[in-house]
Amino acid sequence: MIKNCEIGVVGLGVMGRNFLLNIAGHGFSAAGYNRTPEKLALLKEEGKGLPVTGTGDPKEFVALLRRPRAVIILVPAGAAADSVIESLIPFLEKGDLLIDAGNSHYKDTERRAAALAAQGLFFMGAGISGGEEGARKGPSIMIGGDKNAYERVRPIFEAAAAKAGGEPCAALLGSGSSGHFVKMVHNGIEYAFMQLIAETYDFMRRGLGLDNEELSAVYSGWNKGELNSYLIEITARIFSRADEKTGKKLVDAIRDAAGQKGTGMWTTQAALELRTPVPTIDAAVAMRDLSFYETERAAAAGLFGTPAGTSDADSGEKNLARLRNALHAAMLLTYAQGMALLSAASKKRGYGLDLETVARIWRGGCIIRSAMLEDLRSAYLREPALPVLFLDPGIAKKIKDCHEDLRAIVSSAALAGLPVPAFMSALGYFDAWRSGRLPANLIQAQRDYFGAHTYERTDAKGTFHTEWEK
Ligand code: 6PG
């Protein structure tokens, strides 16, 4: 059995095991801990030839690690993470470092960090994105917490992370719970992108009558241009995949009720608390929820009729290009929402986030990686304190080129009865920002009318109240 391991990994499910093997593949000795013997057996088998060892006993696990110890925890968020931490504490010593690399809520990370600091232990939150394959071959790693503690594990994380343009997609993004906050927003953007892509699918399938092979070809074409991204790439593959059972395309056999583990909802909740609108993420969460009301959807379809969905557009190149541009605009507007939320959180919680670094480490390994992130990165390099992403001249130019197509798609979907709430929210968000004067003056008048909440005037300083019924 290897001793003095450089790193420990708790939780040997697929993510934990793959990440451990990834680390060991870069030459770092690693010990795994899991109570289930089958998982340990898998680690032994898959880790043949690598500096890997494993145990089902927490005391033995801790004893296998070089001091001061560094332990990565990869277990389901919530009670499982708390119970693993509890099981290790009796054997740890002052100065040891625990890194929770699961999708934990950032407020849990703050609570755990405070409790462990009181015992002289370091605790960091790290978001790991890239799914099972990413964990094995190179994920994007978003870390938050103490700088000196991070230095101890930096070489391991940088080696294990994906590389983009020769740079590792891993970084200490800021203090406290910033790593988990950034990962949460990453997932919120992921939800929005998935919903937007799903809306383009519906538009092309019901609206333009494209079949699965044609859809696959369209997405694969889009993936060669400005929309180049992981999610578009896998979407193209999904439409060409045959079902082993029936021989028909698998996608048509999948129930249309979208699951979730909660990170999208957390993003929406955090945005509401920080008063930073993320309407396209909100719409994506709402649509996953709505998809589950199958009985009621069937009743509504019976009562009102299912929209035939035949869009007035034809499936010619021009319309597909319009749809592609609409998606490009909506994706940029979604990144803008996510970045604005990060910026607000950084101010409120004192994270000290550098958004250029966030864009940089999202370029590889993670689920929302895309060619657009190069543009985001350039924007934050030009102006690190950019208040709203599309005020950057480079991003503004792209949105100027695309937003009329976004408008055309939203209006033609609305006329055809195709639901595109994520597209609509992106357009509404954009139009609201550029409106100059919003109708919020009326809301102020109404508040003052029924509740004497007062209002401010455009032509004089101070607060005013009117007796509206006099
Ligand atoms: C990633 C993913 C990953 C996972 C999420 C989303 O970045 O690798 O975001 O964390 O897929 O848990 O899952 P849900 O769609 O189930 O919320």
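The structure we're discussing is the one just above.
The following paragraphs examine the structure supplied in this document. Keep in mind that this is a model prediction, so the values were computed, not measured. (Residues numbered from 1 in each chain as written. Predicted model: local features only at pLDDT ≥ 70, side-chain atom pairs only at ≥ 80, totals over all residues. Heavy atoms only, no water.)

Glancing now at the site of the ligand. Near the ligand, the surroundings consist of 13 residues, among which Asn103, Ser129, Glu190, Tyr191 and Lys261 are the closest. Gly131 places a main-chain nitrogen or oxygen 3.2 Å from an oxygen atom of the ligand. Between the ligand and the protein, one listed contact pairs an oxygen atom with a side-chain N or O atom of Tyr191 at 2.5 Å. In terms of residues, the shell around the ligand owes the most to one element, helix H8 (residues 178–207), which gives 5 residues. (Near = heavy atom within 4 Å. Polar contact = N/O pair within 3.5 Å; in protein donor to acceptor, adjacent residues only side chain to side chain. Helix = DSSP H or I, 4+ residues; strand = E, 2+ residues; numbered from the N terminus.)

Along helix H4 (residues 79–88), the residues classified as buried are Ala81, Val84, Ile85, Ser87 and Leu88. Down the axis of H4, the buried set is contained in an arc of 160°. They therefore lie on one face. Those residues of H4 that are exposed and aimed more than 90 degrees away from the buried face are Ala79 and Glu86. (Buried < 20%, exposed > 50% of the residue type's maximum accessible area, 1.4 Å probe, protein only. Arc of directions from axis to C-beta.)

Attention now moves to the sheet that holds strand E3 (residues 52–55). Across the sheet, which stays open at both edges, the 8 strands sit in the order E3-E2-E1-E4-E5-E6-E7-E10 with mixed pairing between neighbours. Each having just a single partner strand, E3 and strand E10 (170–174) make up the two edges of the open sheet. Strand-to-strand, the axes of this sheet are offset by a mean angle of 25°, without reference to chain direction. Pairing geometry for strand E1 (residues 7–10) and strand E4 (residues 70–73), over 3 bridges, is parallel. (Pairing = 2+ DSSP bridges. Axes fitted to C-alpha atoms, helices over the stretch in contact; angles between N-to-C directions.)

This part is about the packing of aromatic side chains. This model, assessed by the stated rule, comprises 16 aromatic pairs. Consider the rings of Tyr201 and Phe239, whose centres lie 4.8 Å apart with planes at 50°: the pair is tilted. On the criterion of sequence distance, the pair formed by Tyr201 in helix H8 and Phe239 in helix H10 (residues 230–240) is long-range, its members being 38 residues apart. By the burial criterion, Tyr201 is buried, and Phe239 matches it. An angle of 80° between the planes, with centres 6.4 Å apart, marks the rings of Phe390 and Phe430 as edge-to-face. On the criterion of sequence distance, the pair formed by Phe390 in the loop between helix H16 (372–382) and helix H17 (393–416) and Phe430 in helix H18 (residues 421–433) is long-range, its members being 40 residues apart. Considered together, Phe390 and Phe430 belong to a single accessibility category, that of buried residues. One aromatic cluster in this structure is built from Tyr201, Tyr219, Trp222 and Phe239. Looking at Arg205, its charged tip hangs above the ring of Tyr201, at a distance of 4.9 Å from the centre. Positioned above the aromatic ring of Tyr191 is the side chain of Arg288, whose terminal nitrogen or guanidinium carbon lies 3.5 Å from the ring centre. (Phe/Tyr/Trp six-rings, centres within 6.5 Å; stacked < 30°, edge-to-face > 60°. Lys NZ or Arg CZ within 6 Å of the ring centre and 35° of its normal.)

Looking now at the nonpolar core. Ranked by size, the top nonpolar core spans 91 residues in total, and within it Phe181, Met204, Tyr219, Leu342 and Trp362 carry the most contacts. When residues of this core are assigned to their parent elements, the largest contribution, 16 residues, is made by helix H14 (residues 317–349). Apart from the residues within four sequence positions on either side, Trp362 is in contact with Ser140, Met142, Val182, His186, Ile189, Met339, Leu342, Ile368, Arg369 and Leu373. (Core = buried A, V, L, I, M, F, W, Y, C linked by side-chain atoms within 4.5 Å. Contact = heavy atoms within 4.5 Å.)

Considering the arrangement of structural elements, one finds Met372 in helix H16. Taking the C-alpha atoms as reference, Met372 lies 35 Å from Arg111; in sequence the two are 261 residues apart. Dropping the residues within four chain positions of it, Met372 is found in contact with Glu226, Leu227, His328, Met331, Leu332 and Tyr335.

Here the idea is simple: oppositely charged side chains can pair when their charged atoms come close. A complete count under the given rule lists 32 salt bridges for this structure. A salt bridge links Glu110 to Arg349, with the shortest nitrogen-to-oxygen separation between them at 2.9 Å. Of this pair, Glu110 sits in helix H5 (residues 106–117) while Arg349 sits in helix H14; the two residues are 239 residues apart in sequence, bridging distant segments of the chain. Looking at Glu110, the relative accessible area reads 29%, which means it is partly exposed. (Salt bridge = Lys/Arg side-chain N within 4 Å of Asp/Glu carboxyl O.)

Quick look at the packing of H4 against H5 now. The geometry of H4 relative to H5 is characterised by a closest axis approach of 12 Å and an angle of 10° between their N-to-C directions. Overall, the two elements H4 and H5 adopt an arrangement that is roughly parallel. Facing H4, whose interface residues are Ala81, Asp82 and Ile85, H5 presents Arg111, Arg112 and Leu116. (Parallel < 35°, antiparallel > 145°, perpendicular 65-115°, else oblique.)

Turning next to the side chain of Arg377. Within the secondary structure layout, Arg377 lies in helix H16. Not counting chain neighbours up to four residues away, the residues in contact with Arg377 comprise Glu167, Glu356, Ala359, Arg360 and Arg363.

The amide bond that connects Arg67 to the next residue, Pro68, takes the cis arrangement and shows omega of -10°. Backbone geometry places Asn4, a non-glycine residue, at a positive phi of 55°. Considering the arrangement of structural elements, one finds Asn4 in the segment before E1. Under the relative-accessibility criterion, Asn4 is labelled partly exposed at 48%. One non-glycine residue with positive phi stands out, namely Arg275, at about 50°. Here Arg275 lies in the loop between helix H11 (263–273) and helix H12 (279–291). A relative accessible area of 76% places Arg275 in the exposed class.

So, about a nonpolar patch on the surface. A cluster of nonpolar side chains, Tyr449, Phe450 and Trp468, forms an exposed patch at the surface whose accessible area comes to about 370 Å². Among the structural elements, Tyr449 can be located in helix H19 (residues 440–451). Classification of Tyr449 by relative accessible area gives partly exposed; the value is 44%. (Patch = residues over 30% accessible without salt bridge, like charges linked within 9 Å, V, L, I, M, F, W, Y side chains within 5 Å. Areas by Shrake-Rupley, 256 points an atom, 1.4 Å probe, with all protein chains shown as cover.)

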